[in-house]
Amino acid sequence: MYKNLVARCACALAAASFLFSPSTQAQTPTAPLKAAFVYVTPLTAAGWVRQHELGRQAAQAALGNKVETRFVENVAEGADAERVIRDLAQQGHRIIFTPSFGYMEPTLKVAREFPDVKFESITGYKTAPNVATANARYYEGRYLAGVAAGRLATQAGYIAGFPIPEVVQGINAFTLGMRSVNPRAAVKVVWLGEWFNPPLERDAAMTLMNQGAEVLAFHTGSTAVMVAAQERGKLAVAYHSDMRSVAPDAQIAAVTHLWGDYYTRRVQAAIDGSWKSGSVWGGVKDGMIRVDAFGPKVPVKVRNEVLARQADMAAGRLQVFGARAEDVRDNKDRVVLKAGQSLADADILTMNWLAAGVQGTLER
């Protein structure tokens, strides 16, 4: 009996040794990394926030149980953003994405308090050891959409939030695209002083159409401009997302930005310890910008022309602010880009002029 007891003890010790052996411990699942996303407007079916939400979903799907993601929506820029970002850091989120220009300073402030947390300031331009920045070359898509718009119309209206360089780049690129196929094209700009205000966006769209705009473009956060164009039988370029669900006849095409690949890579880097601060500015060739979702009023010939220019852009053969045979002038008739020269990224990132053909100023 004693020998049986000894044998049973030996078996138990062996089992315990197996359970706590290094190889078994290595198989124990580790806690998922917590990642958070802060959204500046409510999460709607299309628009700026929707594209970032699709990026979050793509990262979650790609990384599975290695990551636990969450988002907070409708967070105003400024003090509210700082409070929310700090709360997320205190709750143990190891990487926090803040996709709005006005989140840049609150992100930097909180980052100084949490040096072990990684922050991604999307559309910001200031970095820190634990703050990276990323943005997309939206202006490339704007140019391509302008080509399509110029084939279909001469008078355009453009509803914009704030006169920051990112928005100015888009207005100029859209105008250059229109005028590349329709030299008489003109683009009238209305500044809203807000990123997301559907009633105000709609009012601006109606005003521009009353003033003769045949096609609309916008740099705001809702679908209101598309809905207004649909109601009035006009044309419009969707921004951020495909908006044919609300403007099936009005939509010319959609300038879409894609964040899934970038978000997946950055979360994975935070997981494996390879994350580093830096700046990314990706465009068509990087798969971050795409023009697609053409509407029924766009002839096949025009679609093919736009897609051919998009292919040229992806291959590096076409640059929106690259060398041209003639000078590029602003709407005050000053030369801003001499023939044969190209704008450096630093010049594009600080753009503070409106191209010839734009009706408006940089003052709100």
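Residues numbered from 1 in each chain as written. Predicted model: local features only at pLDDT ≥ 70, side-chain atom pairs only at ≥ 80, totals over all residues. Heavy atoms only, no water.

Caption draft 1: Structural view of the packing of helix H8 (residues 198-210) against helix H9 (residues 224-232). One can describe the packing of H8 onto H9 by two numbers: an axis separation of 8 Å at closest approach and a directional angle of 40 degrees. Considering their axes alone, H8 and H9 lie oblique with respect to each other. Read as a crossing pair, H8 and H9 show a hand that is right-handed. Contact residues: Pro198, Glu201, Arg202, Ala205, Met206, Met209 and Asn210 in H8; Ala224, Val225, Val227, Ala228, Ala229, Glu231 and Arg232 in H9. Across the contact of H8 with H9, the residue classes break down as nine nonpolar, one polar and four charged. (Axes fitted to C-alpha atoms, helices over the stretch in contact; angles between N-to-C directions. Helix = DSSP H or I, 4+ residues; strand = E, 2+ residues; numbered from the N terminus. Parallel < 35°, antiparallel > 145°, perpendicular 65-115°, else oblique. Left-handed = near helix turned anticlockwise from the far one by under 90°. Contact = heavy atoms within 4.5 Å. Nonpolar A, V, L, I, M, F, W, Y, C, P; charged D, E, K, R; others polar.)

Caption draft 2: Layout of helix H4 (residues 79-90). With twelve residues, H4 ought to run about 16 Å at 1.5 Å a step, and its terminal C-alpha atoms sit 17 Å apart, in line with that. Of all the positions in H4, only Ala81, Glu82, Val84, Ile85, Arg86, Leu88 and Ala89 are classed as buried. (Expected span 1.5 Å × (residues − 1). Buried < 20%, exposed > 50% of the residue type's maximum accessible area, 1.4 Å probe, protein only.)

Caption draft 3: Representation of the pairing of strand E6 (residues 155-160) in the model. Within E6, five of the six residues are buried, leaving the element largely enclosed by the surrounding structure. With six bridges connecting them, E6 and strand E7 (residues 186-191) associate as parallel partners. Bridge assignment links Tyr158 to a residue of E7, and that residue is Val189. With helix H7 (residues 165-181) bridging E6 and the parallel E7, this β-α-β connection has right-handed handedness. Both E6 and strand E8 (residues 215-219) contribute to a ladder of five bridges, which runs parallel. From the neighbouring strand, Gly157 faces E8, where its bridge partner is Leu216. (Pairing = 2+ DSSP bridges. Right-handed = clockwise from strand over helix to strand, strands pointing away.)

Caption draft 4: Structural context of the sheet that holds strand E2 (residues 67-72). Overall, parallel pairing links the six strands, which are arranged E2-E1-E3-E4-E5-E11 in an open sheet. Of all strands in the sheet, those with a lone pairing partner are E2 and strand E11 (279-282), marking the two edges. Strand after strand, the sheet turns through a mean of 15 degrees between neighbouring axes, direction not considered. Where strand E1 (residues 33-38) lies against E2, six bridges are found, and the strand directions are parallel. Counterpart to Leu33 in the pairing with E2 is Val67.

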